[in-house]
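# An overview of the molecular structure
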Amino acid sequence: MTKPYSQACANNKAPILNKIQTYLTDKEKILEIGSGTGQHAVHFAKHLPNITWQTADQAMHHEGINAWLDEAKLGNLIAPITLDLNHDWPVNEKYNAIYTANTLHIVSESLVEKLIIGAAKHSHSQSHLFIYGPFNYNGQFTSESNQGFDAMLRARDPQSGIRDQEWVVSLVKKQGFELVQDHEMPANNRLLVFKR
């Protein structure tokens, strides 16, 4: 198959890596929720050779993710597991960090809650949680482009949309995490870093 490709992933992979690598130590195992095309996983695993990167997404995305993984041939990059937020997670282990990018605004609020509860359940006591994407602050859009993006999302699926940062932080805190840093990122995105 032709590998799926996201220009946004190509644009933001380096800035995200630059931030998350400062929180990671050697020999950690990371679960990525919503691996999408697989581009982030390949880039991060290539530049963090001592990190084991576990991809995960709905089954319909596995072929595309595997196309990227098969080409990369990285020993620290693991084939995707089927993870659907509507169902129990198919993993029994705990991870040193959990990463998700551009997921919270494409799922419903109830699935955002399930994602965060699942992340806590499968995290070690000192784990990090990285959440990347656009956020509103005090109920306000941070840019006209984000406002337009939100309108497009809600027209496609009324349950989706850009989330309020304060709401997300409160959900994560209820699961025993604290906000370590809220990084400003390119293209009106943010990287929220939490730690238990």
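That block above? That's the structure.
Definitions and limits used
- Residues numbered from 1 in each chain as written.
- Predicted model: local features only at pLDDT ≥ 70, side-chain atom pairs only at ≥ 80, totals over all residues.
- Heavy atoms only, no water.
- 1 Å grid on protein atoms, 1.4 Å probe; cavity = no way out; pocket = protein on both sides within 12 Å on 5 of 7 lines; lining within 4 Å.
- Points joined across faces, edges and corners; volume = space filled by probe spheres on them.
- Helix = DSSP H or I, 4+ residues; strand = E, 2+ residues; numbered from the N terminus.
- Nonpolar A, V, L, I, M, F, W, Y, C, P; charged D, E, K, R; others polar.
- Buried < 20%, exposed > 50% of the residue type's maximum accessible area, 1.4 Å probe, protein only.
- Pairing = 2+ DSSP bridges.
- Right-handed = clockwise from strand over helix to strand, strands pointing away.
- Core = buried A, V, L, I, M, F, W, Y, C linked by side-chain atoms within 4.5 Å.
- Contact = heavy atoms within 4.5 Å.
- Expected span 1.5 Å × (residues − 1).
- Arc of directions from axis to C-beta.
- Polar contact = N/O pair within 3.5 Å; in protein donor to acceptor, adjacent residues only side chain to side chain.

## Structural notes on the layout of surface pockets
As a volume, the largest pocket reaches approximately 990 Å³. Lining the largest pocket are 41 residues, with Ala101, Asn102, Thr103, His105 and Ile106 sitting closest to its centre. When contributions to the lining of the largest pocket are tallied by element, the ones reaching two or more residues are helix 1 (7-20), strand 1 (29-33), strand 2 (52-57), helix 4 (109-121) and helix 5 (144-156). Across the lining of the largest pocket, the residue classes tally to 18 nonpolar, 18 polar and 5 charged. If you add up the space inside the second largest pocket, you get close to 150 Å³. Residue lining of the second largest pocket: Leu85, Asn86, His87, Asp88, Trp89, Lys114, Ile117, Gly118, Lys121 and His122, and that is the complete set.

## Structural notes on the pairing of strand 5 (residues 123-133)
Counting buried residues along strand 5, 8 of its 11 residues qualify, which places the element largely inside the surrounding structure. Looking at chain direction, strand 4 (residues 95-101) and strand 5 are connected through 6 bridges and run parallel. Within strand 5, the position partnered with Ile98 by the bridge is Leu129. Running through helix 4, the crossover from strand 4 to the neighbouring parallel element strand 5 is right-handed. Pairing of strand 5 with strand 9 (residues 189-195), which is carried by 6 bridges, proceeds in the antiparallel orientation. Bridge pairing in strand 9 links His128 to Lys195.

## Concerning the nonpolar core
If you look at the biggest cluster of nonpolar residues, it comprises 28 residues, and the most contacted ones within it are Leu31, Trp89, Leu129, Ile131, Val168, Val172 and Phe194. Sorting the residues of this core by element identifies strand 1, strand 4, helix 4, strand 5, helix 6 (165-174) and strand 9 as the ones contributing at least two each. Ranked by residues supplied to this core, first place goes to helix 4 with 6 residues. Excluding residues that lie within four positions of it along the chain, Trp89 makes contacts with Leu31, Ile33, Leu83, Lys114, Leu115, Gly118, Ala119 and His122. Grouped together as the second largest cluster of nonpolar side chains are 25 residues, Ile30, Ala41, Val42 and Phe130 included.

## With respect to helix 5
Compared with the 18 Å implied by 1.5 Å per residue over 13 residues, the 19 Å span of helix 5 between its first and last C-alpha is a close match. Every buried residue belonging to helix 5 is among Asn146, Asp150 and Leu153, and all of these are buried. Buried residues of helix 5, viewed axially, fall in a sector of 65°; they line one side. Exposed residues on helix 5 whose side chains face more than 90 degrees from its buried face are Glu144, Ala155 and Arg156.

## Quick word on the environment of His47
With respect to the helices and strands, His47 occurs in helix 2 (residues 39-47). Separated by 18 residues in sequence, His47 and Lys29 have C-alpha atoms that sit 14 Å apart. At a separation of 2.9 Å, a polar atom in the side chain of His47 contacts the main-chain carbonyl oxygen of His43.

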